[in-house]
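# Residue-level structure breakdown
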Amino acid sequence: MAELLRMPEVAAGSTAAVLSGWPVPEGASFQAGDALMIVETEKAEVDVPATVRGTLLKALVPEGTEVEVGSPIAVIAAPGEEVGDLAELLAKLGVVESGETKSAVRRDVPDSGPLAETAPSPDSAAAASEVRLFSSPLARRLAREAGISISTITGTGPGGRVVRNDVNAAIAARASQPTTAQAPTTAPAPASETAAPAPSSPVAVGSAAYEAIPHSRIRRAIAGRLTESKQSAPHFYLKGQVRAGALLALRQRINAEAGVKISVNDLLIKAIARAHVLVPEMNVIWTAEAVHRFHSVDVSVAVATEGGLVTPVLRDVDSLSLSAVSAQVRAFSEQARNGTLRQSDLEGGSITISNLGMYGVEEFSAIINPPQAAILAVGTTTRTPVVAEDGSLEAADVMTLTLSADHRPVDGALAARWFAALQESVEKPMRLLI
């Protein structure tokens, strides 16, 4: 029986989300587990899978529209179900289509006029049901922003899936094609349509030229959350230098003998987890009602993507092996860059690690990712002269770590004890393997 599909609560506690895309065309069938819709939350753009088999009869919400959780977004039916008059069915379900809904546009692109898309014909819907195009959310977004139809791109991912590299290749190929020889095939647009320049074109103000880049929803969310963090969470900072020679030597030995690829960041994640076990009072977050102290050690890892910074959460790090931590970090990094992280991957944790050492940054102070209580900023390792215990001068591999902590659930003395435990774990890394 035909029924309404409603906007799910993808992010816990969210009241609205952007319907970013419809991977399944109107009139096409889908299987349980297929990506039925793409929803953009404040943290990521995620595929929402279908829970049962069915057919997408009618999309009630155009792509790019912000929709309240629980609101109708589509009409679906059982496989092979005869619906009859669609307008009568919509009326029976209490759906009233409005012109305002039809003209909704994305918030992260300039408003350049009415949407050019038209409703698919029965022939195109039938063809779409026969040929299923699989692509990652990030690939679809990049193609959409570049004005390239995803159906024209050949996928090189698993099962012919279109991935980011495929879209980048299509963009590069289009850019390399000569355009001066092509003459316009349509009449010039009326003056009312061409008077205003495109928002993304370079603009000169005085003597300075600039290009206006519209905010994406994720960029707005990052700006809002971090601004809120600095305004509401009283940050304080602890900075210290740790000798990383033993850590680097252990990593080199593991990579040479164990046949796995371990990064410095993987070892530091394990060091954070061990410090949390030794000082469990740091494994907390602040809420309006109480301080929540967690029983498991979950650590967020900052991953830079083309769309912005995301922080997927590694669960139970204290009980994971070093190789398991490394594998999970690599998987999260790949999913973050392909736009396939789930919302649940981005929730939880009491601390984040942010590492800019690979860029040669010696030290920096990071902003806490709310509602977490701390973030550890990792700088690069440098060869530095230090004074040994016997008073002699020697060269050592030194790394600068900076802890940003929320003073509401964490006091200075507590953070100092935790920092000392972290320093011990880094300088005596064999304990991370026990």
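The structure under discussion appears in the preceding block.
Described in the following lines is the structure provided in the data block. These figures come from a predicted structure and were not determined experimentally.

### Section: the packing of helix α9 (residues 264-278) against helix α10 (residues 322-338)
Running from N to C, α9 and α10 point in directions that differ by 115°, and their axes come no closer than 9 Å. In this structure, α9 meets α10 at a crossing whose hand is right-handed. Contacts between α9 and α10 involve D266, L267, I269 and K270 from the former and L322, V325, S326 and V329 from the latter. Among the residues making up the contact of α9 with α10, the classes are represented as five nonpolar, one polar and two charged.

### Considering the pattern of salt bridges
A complete count under the given rule lists nine salt bridges for this structure. In this structure, the salt-bridge partner of E394 is R243, at a minimum N-O distance of 2.9 Å. Of the two residues, E394 is situated in strand β20 (residues 393-406) and R243 in strand β11 (residues 235-243); the sequence distance between them amounts to 151 residues. What makes E394 partly exposed here is its relative accessible area of 33%. On the basis of relative accessible area, R243 is assigned to the partly exposed category, the value being 34%. With a shortest N-O distance of 3.9 Å, R315 and D298 are connected by a salt bridge.

### Brief notes about helix α8 (residues 245-257)
With 13 residues, α8 extends 18 Å from end C-alpha to end C-alpha; this agrees with the ideal 18 Å at 1.5 Å per step. Among the residues of α8, those classed as buried are L247, L250 and I254. Each buried residue of α8 sits inside an arc of 65° when the element is viewed along its axis, so together they form one side. With respect to the buried face of α8, the exposed residues turned more than 90 degrees away are Q252, R253 and A256. Buried residues along α8 sit against α9, α10 and α11 (412-427). Two residues or fewer past α8, G259 is found with a positive phi of approximately 75°.

### What to know about the sheet that holds strand β7 (residues 65-68)
Strand pairing in a sheet relies on backbone hydrogen bonds, with the paired strands running either antiparallel or parallel. Taken together, four strands build an open sheet; the order of strands is β5-β4-β2-β7 and the sheet is antiparallel. Each having just a single partner strand, β5 (45-49) and β7 make up the two edges of the open sheet. Going across the sheet, the axis of each strand differs from the next one's by a mean of 40°, ignoring polarity. Inspection of the sheet shows strand β2 (residues 16-21) paired to β7 by four bridges, in the antiparallel sense. In the strand pairing of β7, L19 is matched with T65.

### As for the layout of surface pockets
A volume near 680 Å³ is recorded for the second largest pocket. Taken together, 28 residues form the lining of the second largest pocket, with N265, A302, R337, N355 and M358 sitting closest to its centre. Only α9, β15 (303-305), α10, β18 (351-355) and β19 (374-387) provide two or more residues apiece to the lining of the second largest pocket. The element best represented in the lining of the second largest pocket is α10, accounting for five residues. By residue class, the composition of the lining of the second largest pocket is 14 nonpolar, ten polar and four charged.

### Digging into a nonpolar patch on the surface
Residues L356, M358 and Y359 make up a contiguous nonpolar surface patch of roughly 360 Å² in combined accessible area. Within the element layout of this structure, Y359 appears in the loop between β18 and β19.

### Some details on the packing of α9 against α11
Where α9 contacts α11, the axes come no closer than 8 Å and their chain directions differ by 135°. Judged by the angle between their axes, α9 and α11 are oblique. Viewed along their axes, α9 and α11 form a crossing whose handedness is right-handed. Between α9 and α11, the residues in contact are L268, A271, I272, R274, A275, H276 and L278 and W418, A421, L422, E424, S425 and V426, respectively. Here the contact of α9 with α11 is built from residues that sort into nine nonpolar, two polar and two charged.

About the cut-offs
Here the residue numbering is sequential within each chain, running from 1 through the sequence in written order. Per-residue local features are limited, in this predicted model, to residues with pLDDT of at least 70; the limit for side-chain atom pairs, both in listing and counting, is 80 or more; totals at the level of whole chains, interfaces and linings are taken over all residues. The side-chain values count all of the structure's non-hydrogen atoms but skip hydrogen atoms and water molecules. For every element, the axis is a line fit to its C-alpha atoms; helices are fit only across the contacting stretch, and the angle between N-to-C directions ranges from 0 to 180 degrees. Every helix listed is a DSSP run of H or I at least four residues long, and every strand listed is a run of E at least two residues long, numbered separately from the N terminus. If you view the pair so one helix is near and one far, a crossing is left-handed when the near helix is turned anticlockwise from the far one by less than a right angle, and right-handed when it is turned clockwise. We call two residues in contact when some of their heavy atoms are within 4.5 Å. Asp, Glu, Lys and Arg are counted as charged, while Ala, Val, Leu, Ile, Met, Phe, Trp, Tyr, Cys and Pro are counted as nonpolar; the rest, among them Gly, fall into the polar class. Salt bridges, as used here, are contacts in which a Lys or Arg side-chain nitrogen is within 4 Å of a carboxyl oxygen on Asp or Glu. Relative accessibility decides the category of a residue: with a 1.4 Å probe and only protein chains considered, values under 20% of the type maximum give buried, values over 50% give exposed, and everything between is partly exposed. Helix span is expected to be 1.5 Å times the residue number reduced by one. This arc corresponds to the set of directions leading from the helix axis out to the C-beta atoms. Whether two strands pair depends on DSSP finding at least two bridges between them. The definitions used throughout rest on a 1 Å grid laid over the protein atoms alone, on which a cavity is an enclosed set of points accommodating a 1.4 Å probe that cannot get out and a pocket is an open set flanked by protein within 12 Å on both sides along at least five of seven lines; lining residues are those having an atom within 4 Å of a point. Grid points are joined across faces, edges and corners, and a volume is the space filled by probe spheres set on the points. Exposure above 30% relative accessible area and the absence of a salt bridge qualify a residue for a patch, where like charges join within 9 Å and nonpolar side chains (Val, Leu, Ile, Met, Phe, Trp, Tyr) within 5 Å. The Shrake-Rupley method, run with a 1.4 Å probe sphere, supplies the accessible areas, and residue values consider only the shown protein chains as cover. We call two directions roughly parallel when the angle between them is under 35 degrees, roughly antiparallel when it is over 145, roughly perpendicular when it lies between 65 and 115, and oblique otherwise.

That's the geometry; what it means functionally is another story.
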